[in-house]
Amino acid sequence: MKKDITQNILEDWLENVRPYAHDGQVANYIPALSRQNPEELAVAIHYVNGESVEAGYTEATFTLQSISKVIALALALMDNGEEYVFERVGMEPTGDPFHSIYRLEKTPGKPLNPMINAGALAVTNMIHGDTPDEKVGRLLSFVHDLTDDHSIRYNEEVASSEFETSFLNRSLLFYMKQHRIVTGSVEEALDAYTKQCAIELNVCQLARIGALLANGGRDLESGRRIIPKHLARICKTFMVTCGMYDASGSFAIKVGIPAKSGVSGSVLASLNDFGGIAVYGPSLDDKGNSVVGLKLLELLSNRYDLSIF
Ligand code: GLN
């Protein structure tokens, strides 16, 4: 049943959601993202058997933004182990917007989970490497392994556009440095994080990452283990509980697929025994999730009974 989503069918589904392309707004708090075209829509499915289907403007590239938090978490866990990471970052959803500083005062200083900005900034800070570029270089090599594509880079314009305007993220870092969750220079930590968020790819490459996670962390073609199985499981669990920011609960009910979104308008979904689904549609709702991405995943989930629940 699930494999019935062929190329033609996927094209039809994308046309069904095209009318939503102008609902919501393209992210503008990162100046470089405001130039994205809301009409550029694309979707790809990479099945765990290695086959793939795609529809729309699949040549479009976009930056990972918050989707990078899942990948950085996997690498930080591989670098440091679960105990080290979860001593410094929690496992609970927040129900607050992704850039909120509010809970840090209560915990104190320890972010509630790695999918909100505070947690993600702390996680990136834990990735091994003496300099921001060394950390980002290791992260890029990891992305190359996940996608089997060594051409992927970060977009320098988007990275510096965010770095220059990211005062909330700086505040989160200063707060966590005070509480010794973050070590070293705040500017360097932000430099690594904004470059991580600016890693640029397309829906086909992103869907392959989803399929690899669905495959328990093993490369689909070579069978090589890229992420230990229990760490892939942790990443997917966070995608369920915190992946869609403070819309994770309604997304779990309406769609029920582990997923992570980014403010570039991209969504990464990963479904065990099925594969990865990546959607790109730059217009965002008021929580920062892609309007087209949410709608398309909801339609596919309902039609093909994809919910894990
Ligand atoms: N780089 C973005 C930020 O830190 C990522 C946020 C997002 O995609 N929700 O604000």
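Residues numbered from 1 in each chain as written. Predicted model: local features only at pLDDT ≥ 70, side-chain atom pairs only at ≥ 80, totals over all residues. Heavy atoms only, no water.

Student: Quick question: what am I supposed to make of the site of the ligand here?
Tutor: The immediate surroundings of the ligand are formed by Tyr29, Gln65, Ser66, Phe98, Asn117, Glu162, Asn169, Tyr193, Cys197, Tyr245, Gly262 and Val263. The side chain of Ser66 places a nitrogen or oxygen atom 2.7 Å from an oxygen atom of the ligand. Measuring from an oxygen atom of the ligand, one finds a backbone N or O atom of Val263 at 2.8 Å. Burial of the ligand by the protein amounts to 99% of the accessible area it has alone, namely 290 Å². Each residue belonging to the shell around the ligand can be placed in one class, and the counts come to 6 nonpolar, 5 polar and 1 charged. (Near = heavy atom within 4 Å. Polar contact = N/O pair within 3.5 Å; in protein donor to acceptor, adjacent residues only side chain to side chain. Areas by Shrake-Rupley, 256 points an atom, 1.4 Å probe, with all protein chains shown as cover. Nonpolar A, V, L, I, M, F, W, Y, C, P; charged D, E, K, R; others polar.)

Student: In this structure, what is going on with the packing of helix H2 (residues 68–80) against helix H4 (residues 117–126)? I would like to understand it.
Tutor: Angle between the axes and distance between the axes: these two values describe a pair of packed helices. H4 packs onto H2 with a crossing angle of 45 degrees between their chain directions and a minimal axis gap of 9 Å. Classified by the interaxial angle, the pair formed by H2 and H4 is oblique. Viewed along their axes, H2 and H4 form a crossing whose handedness is left-handed. Of H4, the residues touching H2 (which contributes Lys69, Ala72, Leu73, Ala76 and Asn80) are Asn117, Ala120, Val123, Thr124 and Met126. When its residues are assigned to classes, the contact of H2 with H4 shows 6 nonpolar, 3 polar and 1 charged. (Axes fitted to C-alpha atoms, helices over the stretch in contact; angles between N-to-C directions. Helix = DSSP H or I, 4+ residues; strand = E, 2+ residues; numbered from the N terminus. Parallel < 35°, antiparallel > 145°, perpendicular 65-115°, else oblique. Left-handed = near helix turned anticlockwise from the far one by under 90°. Contact = heavy atoms within 4.5 Å.)

Student: Sorry, what's going on with the packing of aromatic side chains here?
Tutor: Both the distance between ring centres and the angle between the ring planes are used here to describe each pair of aromatic rings. For the structure shown, the criterion picks out 6 aromatic pairs. Here the aromatic rings of Tyr29 and Phe98 are separated by 6.4 Å at their centres, their planes lie at 45 degrees, and the arrangement is tilted. Within this pair, whereas Tyr29 is found in the loop between strand E1 (25–26) and strand E2 (42–47), its partner Phe98 is found in the loop between helix H3 (82–88) and H4, the two being separated by 69 residues in sequence. Residue class for Phe98 comes out buried when judged on its relative accessible area of 8%. A ring pair is formed by Phe98 and Tyr245, whose centres lie 4.9 Å apart and whose planes are at 40 degrees; its orientation type is tilted. Of the two residues, Phe98 sits in the loop between H3 and H4 while Tyr245 sits in the loop between helix H10 (229–242) and helix H11 (248–254), which places them 147 residues apart along the sequence. Of the two residues, Phe98 and Tyr245, neither departs from the other in class, the shared state being buried. (Phe/Tyr/Trp six-rings, centres within 6.5 Å; stacked < 30°, edge-to-face > 60°. Buried < 20%, exposed > 50% of the residue type's maximum accessible area, 1.4 Å probe, protein only.)

Student: I would appreciate a short explanation of empty space enclosed by the protein in the present structure.
Tutor: In this approach the atoms are scanned with a rolling probe the size of a water molecule, which exposes any empty space left behind. Here the structure, examined in full by the defined rule, presents 3 cavities of 30 Å³ or more. Considered as a void within the structure, the largest cavity measures approximately 90 Å³ in volume. For the largest cavity, the lining is made up of 14 residues, of which Ser100, Arg103, Leu104, Leu112 and Ile116 are closest to its centre. Looking at the lining of the largest cavity residue by residue, the class counts come to 8 nonpolar, 3 polar and 3 charged. (1 Å grid on protein atoms, 1.4 Å probe; cavity = no way out; pocket = protein on both sides within 12 Å on 5 of 7 lines; lining within 4 Å. Points joined across faces, edges and corners; volume = space filled by probe spheres on them.)

Student: Which parts of the structure should I look at to understand the sheet that holds strand E6 (residues 259–262)?
Tutor: Hydrogen bonds between backbone groups are what pair the strands of a sheet, and the pairing can be parallel or antiparallel. The antiparallel open sheet is built from 5 strands, whose spatial order is E3-E2-E8-E7-E6. In this open sheet, the two edge strands, each paired with only one partner strand, are strand E3 (52–56) and E6. Within this sheet the neighbouring strands show an average axis-to-axis angle of 10 degrees, counted without direction. Where E6 meets strand E7 (residues 266–271), 4 bridges bridge the pair, whose relative direction is antiparallel. Paired with Lys260 across the bridge in E7 is Leu268. The strands that helix H1 (residues 7–17) touches are E2 and E3; relative to E3, the one it contacts most, it runs at about 35 degrees. (Pairing = 2+ DSSP bridges.)

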